[in-house]
Amino acid sequence: MKKNPEVFDQMLDVSEHKLTREIYKTILLSIFAGAFIAIGGLANIVVGASFLKNNASMMYFLGGCVFPIGLIAVVFFGADLFTSSCLNPYVCIFKKKYVGRLFINLGLVFVFNFVGAILIALITWGSHVIEGENLAYLQKIAAKKLSTDYGAIFLKAIMCNILVSGAVVLSYFSKSTVGKVVLIWFPIMIFILLGYEHSVANMFYYALIKYRVLGYTVGQMAINMTVVTLGNIVGGLALGGFVILFKEKKVKEKEVF
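This is a predicted model, so every value here is computed, not measured. (Residues numbered from 1 in each chain as written. Predicted model: local features only at pLDDT ≥ 70, side-chain atom pairs only at ≥ 80, totals over all residues. Heavy atoms only, no water.)

If you check the backbone angles, tyrosine 98 has positive phi at about 75 degrees while not being a glycine. Within the fold, tyrosine 98 resides in the loop between α6 (89-95) and α7 (99-126). For tyrosine 98, a relative accessible area of 15% puts it in the buried group. Unlike most non-glycine residues, histidine 128 shows phi in positive territory, near 60 degrees. By the secondary structure assignment, histidine 128 is in the loop between α7 and α8 (132-145). A relative accessible area of 57% means that histidine 128 is categorised as exposed. (Helix = DSSP H or I, 4+ residues; strand = E, 2+ residues; numbered from the N terminus. Buried < 20%, exposed > 50% of the residue type's maximum accessible area, 1.4 Å probe, protein only.)

As a further point, take the layout of surface pockets. When its volume is computed, the largest pocket comes out at roughly 310 Å³. Considering the residues around the largest pocket, the lining is formed by 23 residues, among which Ile141, Lys144, Lys145, Gly195 and Tyr196 are closest to the centre. Going through the elements one at a time, α3 (56-66), α8, α9 (150-173), α10 (177-193) and α11 (199-212) are the ones with two or more residues in the lining of the largest pocket. Of the residues forming the lining of the largest pocket, the biggest block, five residues, is contributed by α8. (1 Å grid on protein atoms, 1.4 Å probe; cavity = no way out; pocket = protein on both sides within 12 Å on 5 of 7 lines; lining within 4 Å. Points joined across faces, edges and corners; volume = space filled by probe spheres on them.)

Now for empty space enclosed by the protein. Counted according to the given criterion, the structure contains one cavity of 30 Å³ or more. In this model, the largest cavity occupies a volume close to 70 Å³. Lining the largest cavity are Met11, Val14, Ser15, Lys18, Ser84, Ser85, Leu87, Asn88, Val168 and Tyr172. Contributing elements (two or more residues each) for the lining of the largest cavity: α1 (4-20), α5 (82-85) and α9. If one sorts the elements of the lining of the largest cavity by residue count, α1 sits on top with four residues. In terms of residue class, the lining of the largest cavity is made up of five nonpolar, four polar and one charged. (Nonpolar A, V, L, I, M, F, W, Y, C, P; charged D, E, K, R; others polar.)

Right, let's get into the nonpolar core. A general trend in soluble globular proteins is that nonpolar side chains are found buried together. Membership of the largest hydrophobic core comes to 73 residues, with the highest contact counts inside it found for Ile45, Leu71, Phe191 and Phe204. Top contributing element to this core by residue count: α9, with 10 residues. Setting aside its immediate chain neighbours within four residues, phenylalanine 191 contacts Phe67, Cys160, Leu163, Val164, Tyr196 and His198. (Core = buried A, V, L, I, M, F, W, Y, C linked by side-chain atoms within 4.5 Å. Contact = heavy atoms within 4.5 Å.)

Moving on, we get to the packing of helix α2 (residues 23-49) against helix α4 (residues 69-77). Between α2 and α4, the shortest axis-to-axis distance is 7 Å and the interhelical angle comes to 155 degrees. Our classification of the angle between α2 and α4 gives roughly antiparallel. Both α2 and α4 take part in a crossing whose hand is right-handed. From α2, Leu29, Ala33, Phe36, Ile37 and Gly40 reach across to α4, where they touch Ile69, Gly70, Leu71, Ala73, Val74 and Phe77. Its residues placed into classes, the contact of α2 with α4 shows nine nonpolar, two polar and no charged. (Axes fitted to C-alpha atoms, helices over the stretch in contact; angles between N-to-C directions. Parallel < 35°, antiparallel > 145°, perpendicular 65-115°, else oblique. Left-handed = near helix turned anticlockwise from the far one by under 90°.)

Moving on, we come to the pattern of salt bridges. Enumeration according to the criterion identifies six salt bridges in this entry. Glutamate 131 serves as the salt-bridge partner of arginine 212, at 3.1 Å between the closest nitrogen and oxygen. Of this pair, arginine 212 sits in helix α11 while glutamate 131 sits in the loop between α7 and α8, and the two are 81 residues apart along the sequence. The structure contains a network of salt bridges with shared partners spanning Lys18, Arg21 and Asp80. (Salt bridge = Lys/Arg side-chain N within 4 Å of Asp/Glu carboxyl O.)

Along the polypeptide, isoleucine 93 turns up in helix α6. Residues isoleucine 93 and valine 243 lie 150 residues apart in sequence; the distance between their C-alpha atoms is 13 Å.

What the rule picks out here adds up to 10 aromatic pairs. Seen in terms of ring centroids, phenylalanine 173 and phenylalanine 246 are 5.8 Å apart; in terms of plane orientation they differ by 75 degrees. Their pairing is edge-to-face. Here the residue phenylalanine 173 occupies a position in helix α9, and phenylalanine 246 occupies one in the segment after α12 (218-243), the gap between them amounting to 73 residues. The burial state of phenylalanine 173 is the same as that of phenylalanine 246; both residues are buried. (Phe/Tyr/Trp six-rings, centres within 6.5 Å; stacked < 30°, edge-to-face > 60°.)

Note on placement: asparagine 44 falls in helix α2. Other than its neighbours up to four places away in sequence, asparagine 44 contacts Gly63, Gly64, Val66, Phe67, Tyr137, Ile192 and Tyr205.

See below:
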């Protein structure tokens, strides 16, 4: 198990690597990240749909159990995911460089995560997976994710990225493969269970909703996506701000009476 200062240094090292590598690699790894998260989202639909009529608690729990495969793949393949990229500003703050690269990177990652998510949505649509109970569950997801309660959506998006970015940082603590999987799995399962809002997962859901569910417009989706994205940014920055506490190499212990 790594110590806190090592984790802080690794967070900065990962961010620096992502901001300085070749753009074509960022594009390809962002497409893969969007696809990985979309596959987790599809698994969530298929598993959750089987419990739609009988057991709502199991529907969310089992959906949450399978969704984390997306982030596990992102972390192990070193792919670029927009939500965890919201930790990148801290390398600019502490190393006082890469500001221009930061905005280019965030823009590229967001756009090409969308490309990866849409590709999986197209494959899903073309292979007729979203039919019957799966379609009914997608309609349920649409009603929640395209709500006009923007304040609640914004807060859910903040909490989502505290958990998602937190899962990535937690994975840095472990030196073993199994340890990393466990540390990623629990926070992601919880964010699905609590119905929090993840911008890249929503790229996949919105694309499927547009293909298969009537009554929702691109304008509605764009507004909700903007709210979710802003909330994810705030959540990532908040988590990164917390990780700054890890940089202290000596912690003074105080006796508590």
